[in-house]
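Here is what each chain is made of, one letter per residue.
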Amino acid sequence: MKRWFKYSLPYAAMLTLSVGISVGAAVGFSASASAQAEQARPLALTDVMQFREIDQRQISDTGNTLAFAAVPDYGDREGIVVRVSDGTTISVASAHEPKLSADGNWVVFTRQPTLLQRERAESREEERALYHHAVLVDVLNASKKEFPQVSQSAFTGDGRFLVLQHDQDYSKENGSEEGRLLRLIDLRSNEQTLINNVTHFTVASEGSRLVYQQQAATANGDDQSDTDNEDKEDKEESKNPRVSLVMYDTAQHRGTTLMDVTDQQFSKLSFSPNGQRLAFHVSPKESDYEETPHALWMWAAGEGTQQLTVDREGFILSEHSPQRWSDDGERLFIGHRPTPAKKADPIGRPESKDDLYNLERLLSDRRLQVWHGDDDMIIPHQRQSQRNLNRATAMAVWHVNDQRLVTLSDDVREAMFPTDHPQALLARDSQPYSREITWDGFYHDLYHVNLNDGSRTQVAARLPSFERGSLSPDGRYVVYVNDYQLHAFDSQSGSTHQIGSNVSVSWVDEENDRPMEAVPYGIGGWHADSSALWVYDRFDIWQVPVAESAHDQAVNLTQVGREHTQQYRVLDTDDLDVININQPVLLRGYNEQLKTSGFYQLALTDNAPAQLEVLVEGEKTWRFIARTEDKSQLFYTEEDFRTFPDVWVADAPLQSPRQLTDVNPQRHDFIWGNAQLVEWESTHGEPLQGILITPDNYDPNKRYPVLVYYYEKFSQRLYNWNQMRVNHRPNFPFYLGQDYVVFLPDVHFRLGAPGPSATESLVPGVEKIIEMGVADPDAIGLHGHSWSGYQTAFVVTETDMFSAAVSGAPVSNMTSAYSGIRWGSGLARQFQYEKGQSRLGVSMFEDLDPYIKNSPVFFADKINTPMLIQFGDKDEAVPWEQGIEYYLALRRLDKPVVMLHYEGEPHHLQQFANKIDYTIKMLEFLDHHLKGADAPSWWTEGLEFQVYD
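None of the values given here were measured: they were computed from a predicted structure.

Rules and cut-offs
Residues numbered from 1 in each chain as written. Predicted model: local features only at pLDDT ≥ 70, side-chain atom pairs only at ≥ 80, totals over all residues. Heavy atoms only, no water. 1 Å grid on protein atoms, 1.4 Å probe; cavity = no way out; pocket = protein on both sides within 12 Å on 5 of 7 lines; lining within 4 Å. Points joined across faces, edges and corners; volume = space filled by probe spheres on them. Helix = DSSP H or I, 4+ residues; strand = E, 2+ residues; numbered from the N terminus. Nonpolar A, V, L, I, M, F, W, Y, C, P; charged D, E, K, R; others polar. Patch = residues over 30% accessible without salt bridge, like charges linked within 9 Å, V, L, I, M, F, W, Y side chains within 5 Å. Areas by Shrake-Rupley, 256 points an atom, 1.4 Å probe, with all protein chains shown as cover. Salt bridge = Lys/Arg side-chain N within 4 Å of Asp/Glu carboxyl O. Buried < 20%, exposed > 50% of the residue type's maximum accessible area, 1.4 Å probe, protein only. Pairing = 2+ DSSP bridges. Core = buried A, V, L, I, M, F, W, Y, C linked by side-chain atoms within 4.5 Å. Contact = heavy atoms within 4.5 Å.

Where empty space is left in the structure can be found by rolling a water-sized probe over the atoms. Considered as a void within the structure, the largest pocket measures approximately 1200 Å³ in volume. Counting only elements with at least two residues in the lining of the largest pocket, the list comes to β45 (673-681) and β46 (687-695). Of the residues in the lining of the largest pocket, the class split is 14 nonpolar, 10 polar and 15 charged. Considering only enclosed or pocket space, the second largest pocket measures out at about 1100 Å³ in volume. Lining the second largest pocket are 31 residues, with S385, R413, E414, A415 and S430 sitting closest to its centre. Among the secondary structure elements, those contributing two or more residues to the lining of the second largest pocket are α10 (379-391), β25 (415-416) and β27 (443-450). Considering each element in turn, the lining of the second largest pocket owes the most residues, 8 residues, to α10. Here the lining of the second largest pocket is built from residues that sort into 12 nonpolar, 13 polar and 6 charged.

Further remarks concern empty space enclosed by the protein. In this structure the tally under the stated criterion is 3 cavities of 30 Å³ or more. Counted as a void, the largest cavity has a volume near 90 Å³. Taken together, P464, F466, E467, V481, N482, D483, Y484, V508, E517, A518 and P520 make up the lining of the largest cavity. Looking at the lining of the largest cavity, its residues break down into 7 nonpolar, 1 polar and 3 charged. Looking at the second largest cavity, its volume works out to about 60 Å³. Those elements giving two or more residues to the lining of the second largest cavity turn out to be α3 (45-50) and α19 (912-931). When grouped by side-chain class, the residues that make up the lining of the second largest cavity number 6 nonpolar, 3 polar and 2 charged.

The subject of this paragraph is a nonpolar patch on the surface. The grouping of L359, L362 and L363 at the surface amounts to a nonpolar patch, some 310 Å² of accessible area in total. Counting through the fold element by element, L362 comes out in helix α9 (residues 359-363). Classification of L362 as partly exposed rests on a relative accessible area of 44%.

The subject of this paragraph is the sheet that holds strand β31 (residues 485-490). Taken in spatial order, the 4 strands of this open sheet run β29-β30-β31-β32, and their pairing is antiparallel. One side of each edge strand has no neighbouring strand; the edge strands of this open sheet are β29 (470-471) and β32 (495-499). Direction of pairing for β31 relative to β32: antiparallel, over a ladder of 5 bridges. Note on β32: the bridge partner recorded for F489 is T496.

Here we take up the nonpolar core. Residues I693, Y735 and L926 are the most contacted members of the largest nonpolar core, which totals 58 residues. Excluding its chain neighbours within four sequence positions, the residues that come into contact with I693 are F641, N674, A675, F732, L736, V741, V742 and L744. Core analysis: the next-biggest nonpolar cluster, separate from the first, contains 56 residues, M801, M844, V878 and V897 among them.

Moving on: unusual backbone geometry. Put simply, A652 and P653 share a cis peptide bond, and its omega is 0 degrees. Considering the arrangement of structural elements, one finds P653 in the loop between β43 (647-651) and β44 (655-659). Backbone geometry places S94, a non-glycine residue, at a positive phi of 55 degrees. Along the polypeptide, S94 turns up in the loop between β4 (88-93) and β5 (95-100).

In structure tokens, the structure reads:
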């Protein structure tokens, strides 16, 4: 067997290769496919742009209406409503942001200007001036009505009224001078109520109430005051107009003013879930402090409005307060910030010669950052964290029934999130480990916090950031994984004990190949009484008792997962992650070996093993969307490489399935392909899989140019639809239409050898498809971006197998990248090499050798493969100087290389023109080197420096 390596590899004589299907099946060739291909045409880039995705999907609680925006990669969106009962579809051109009424009988969309209108605008100001409209869809009658120039829309909680706020221009034209025009539309009678001068409104999620801020109209400029006093009063009124907060009940067509202010303002309007209470902030318009203190007020139906006592010594109620109600409406979570300093007086311009030499004035323009060796966080990380830190609050909870405030945290840097648990929440403190982030990754201490008195107990110390703990429904227990074992913390006793110890399975990733702690498989949910929870191993679901005194042992509920390499996971739980074990539980399954998936039901019965029932399974990818509140209907998608994930609905559990959407009917107009699984072994004997995708018009008697695209593991995408976009990735169906075969191989990584690992995995995989008669051995291209961009840059130092290589945003020199910065997060890159994806496992100072051996720049003289490098000079993940190092090394050695430098672009191209340009150049490059097409001029001659406006 021919070898493509530039050095002698061990185990080569022992290498065994296998494929899970016959060659005929692998290429997916059939007479029917061939006949269809004769009628189809290759995709053009403009065709790719017009494929659509389902976005902003909304389903009514009763399941009678589905609404979404169909969004192309480039072009106009389309709002779509589906009446689920009979499949009737209503479309709204150029629309998005669907909102459904409570009963699902009405949908309102925002209609935006068309792409043509936006592109014809000659300035950003002109584009921003284009109008947005609201389109109301009557689902039952399949009719539409448009309302012009609407900036905000909502339905009242009872679904009876549509509330529209018009934009400023329309409002002024219709008599609303000091604010915007609010339009209330009774959906039953079509009667309309107009309210002028509204600056903001909020609707309750239940009931008939909304609240709005209304600014008093000022006197007309032509009116003359009779006295100087009146003139002064008018000027003062004009400077500080009265603002009213009005509670409006649409059921009674009546508004009640809750409060009037002149030199103050309202914010953070927040209804309780049932609409019976409203919390809001009142703050002065001007303040002497760097951050304005706020006051918290609350209105309650039948009780009126009062200011709440939420003062905390050393803190102010913040404008950034989360203002989050618990689902039962009994608790309101708020946030405070430390009392701010007063605003400093500005240093004025110099008034004398002495002022010119005033050192304080001169130093006021200083721009200095001090990078201290003992800083908890390096300066770039501090910079990126500053905005969040300036908005972070220390959490407290207001208990509505007791009318009391409980402080939950005194530190704005502590991670704490509002909860629906009535007794407790979890807090995470990562500050003790801030310095270690630079090289060791993220850790935190986990705390159990009592909502009734604010007391806290440490659950565990130094947990990895991905281990956040799971709180039992009664708030008593916290379950987490530490040192590969399951632990339960009991807040009543303050003690911790191990659970699930009677089984030998691993609760964490068995295949972890990074020099860091393995990620847990996770928790599926809790029993309602908090007596047990469901925990995942690699394949199965285990029921694990939680109490220390429990005599029951962990039980494997799904039983057959490991035997069949089938992974089972719980799909949906009720509030507080509760699993209703009294009814069959819906699961999703995925087969690691075959890549198939399906839906299943797990039924628990007393004193008998759990019963697992197959609802649907096979060679597709099924994904759960939602179930109706009464569990009578299930919404889901199904997809494979040829099938877009349209929305389906079935009666529970999965009876009488119906397809509700057909978002991309044009798919059948184009040459597509067939994806099949291929298996082989790495040169170290590791079993590997990959996806071979052949075009519809595949000829088994012909060898094809092959585009190899990869990252780490892609074989799990065997039955996935390929996202139809123009971006930094090659679009697979587009290349199939250009008479390519696409190969997506998995890579197995060895610790300390990420570069050689890629070669050891890719080369025998490509050799396999050559053996199968699919690949032309002289026409194989390699493409990778970011992490696989690095692998691509390295692999060509060890093999001449590839006729051309595209390396997007690659690391080329691990010795210089090690002490670089990820500018998007401000983090140092050291942790990535010692603990993360680069998998070196040691610092550069402990062992320099792997940093050199895995850096392609040091072996650039071994490269004979034509190389196309792509980088954006604002790359926030990989320093773009890494591309420059690689380019300069290849240039110095007279190797065939071009670097495409896109100005102002980040790690992934954002400007559509650049995406198109890169896609075109990528194809031209590969066509030249793999298919013998004429070389493009930019490859043979380059392009002189360009100056862009």
